[in-house]
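Structural overview for review
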Amino acid sequence: MILNTPLIIESGISGIWTYRKWSDGTAELWGLTTITSESGQHYYDLNLPFPIVDLSQWFGVAGLEDYGRGSSNNTTEVGVRLPSSNTIRLHEIKENNYSGTQPCRVYFKGFWK
């Protein structure tokens, strides 16, 4: 019996991204970038190594590695948006007085075909 299980057909590294393309059209990308944290809202655009074909079906998550720096009542959220087929936008909301550079890990899943 042969199962119709998706296979990895391409994998690699491009810029900040490590990625896998699957035979069913799924793409997974993960990477590490840095963002400059300050109080308020900030946006950071990250170019993808290939276009995402369906802007309505995707998943993304990001998190700061140094969460908790500064005051004990830090509130930091990092959201992921997909404004175009070639760009992920990180949306950071920070409610404290800490200012500095922090590493941010990003994971994204969508369709490359």
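Look a little higher up for the structure.
Below, the structure is looked at part by part.

Rules behind the numbers
Residues numbered from 1 in each chain as written. Predicted model: local features only at pLDDT ≥ 70, side-chain atom pairs only at ≥ 80, totals over all residues. Heavy atoms only, no water. Helix = DSSP H or I, 4+ residues; strand = E, 2+ residues; numbered from the N terminus. Contact = heavy atoms within 4.5 Å. Areas by Shrake-Rupley, 256 points an atom, 1.4 Å probe, with all protein chains shown as cover. Core = buried A, V, L, I, M, F, W, Y, C linked by side-chain atoms within 4.5 Å. Buried < 20%, exposed > 50% of the residue type's maximum accessible area, 1.4 Å probe, protein only. Salt bridge = Lys/Arg side-chain N within 4 Å of Asp/Glu carboxyl O. Phe/Tyr/Trp six-rings, centres within 6.5 Å; stacked < 30°, edge-to-face > 60°. Pairing = 2+ DSSP bridges. Polar contact = N/O pair within 3.5 Å; in protein donor to acceptor, adjacent residues only side chain to side chain.

Further remarks concern the overall build of the chain. Scanning the chain from terminus to terminus reveals zero helices and eight strands. For the chain, the N- to C-terminal ordering of α and β elements is β-β-β-β-β-β-β-β. Of the contacts formed within the chain by residues at least 6 apart in sequence, a portion of 65% connects residues at least 24 apart. When the accessible surface of the chain is summed, it comes to about 6,600 Å², and 50% of that surface belongs to carbon and sulfur atoms.

Before going further, it helps to spend a moment on the nonpolar core. The biggest cluster of nonpolar side chains holds 20 residues, and the ones touching the most others in it are L29, I88, L90 and C104. Of all the elements in the fold, those that place two or more residues in this core are β2 (17-22), β3 (26-37), β4 (40-47), β5 (59-64), β6 (76-84), β7 (87-94) and β8 (100-111). Apart from residues no more than four positions distant in its own chain, C104 is found in contact with G31, L32, T33, I35, A62, G63, L64, V78 and L90.

Take K21: it is sitting in strand β2. The residues touching K21, leaving out its near neighbours within four places in the chain, are L7, I8, I9, E10, T26, F50 and W112.

For P49, the position within the fold is in the loop between β4 and β5. Owing to a relative accessible area of 29%, P49 belongs among the partly exposed residues under this scheme. Between the alpha carbons of P49 and L29 there is a distance of 9.2 Å; along the sequence they are 20 residues apart. Residues in contact with P49, not counting those within four places in the same chain, are S14, W17, Y19 and L29.

What follows deals with the pattern of salt bridges. This model, assessed by the stated rule, comprises three salt bridges. The partner of D45 in a salt bridge is R89, with the nearest N and O atoms 2.6 Å apart. Of this pair, D45 sits in strand β4 while R89 sits in strand β7, and the two are 44 residues apart along the sequence. On the basis of relative accessible area, R89 is assigned to the partly exposed category, the value being 27%.

Here we come to the packing of aromatic side chains. Considering all chains together, one arrives at three aromatic pairs under this definition. Ring centres 5.6 Å apart and planes at 25° place the aromatic pair W58 and F108 in the stacked group. Remark: F108 occurs in strand β8 and W58 occurs in the loop between β4 and β5; sequence separation between them is 50 residues. The exposure class of F108 is buried, given its relative accessible area of 0%.

Once that is clear, we can look at the pairing of β7. Consecutive residues of a regular strand have side chains that alternate between opposite faces of the sheet. Within β7, six of the eight residues are buried, which leaves it mostly tucked inside the rest of the structure. Sheet topology places β4 next to β7; eight bridges connect them, and they run antiparallel. Across the sheet, the residue bridging to G40 is K94, located in β7.

This part covers the side chain of E28. Within the secondary structure, E28 sits in strand β3. One polar contact links E28 to Y107, side chain to side chain, over a distance of 2.6 Å. Among all residues touching E28, those that are not within four sequence positions of it are T18, Y19, R20, W22, Y107, F108 and K109.

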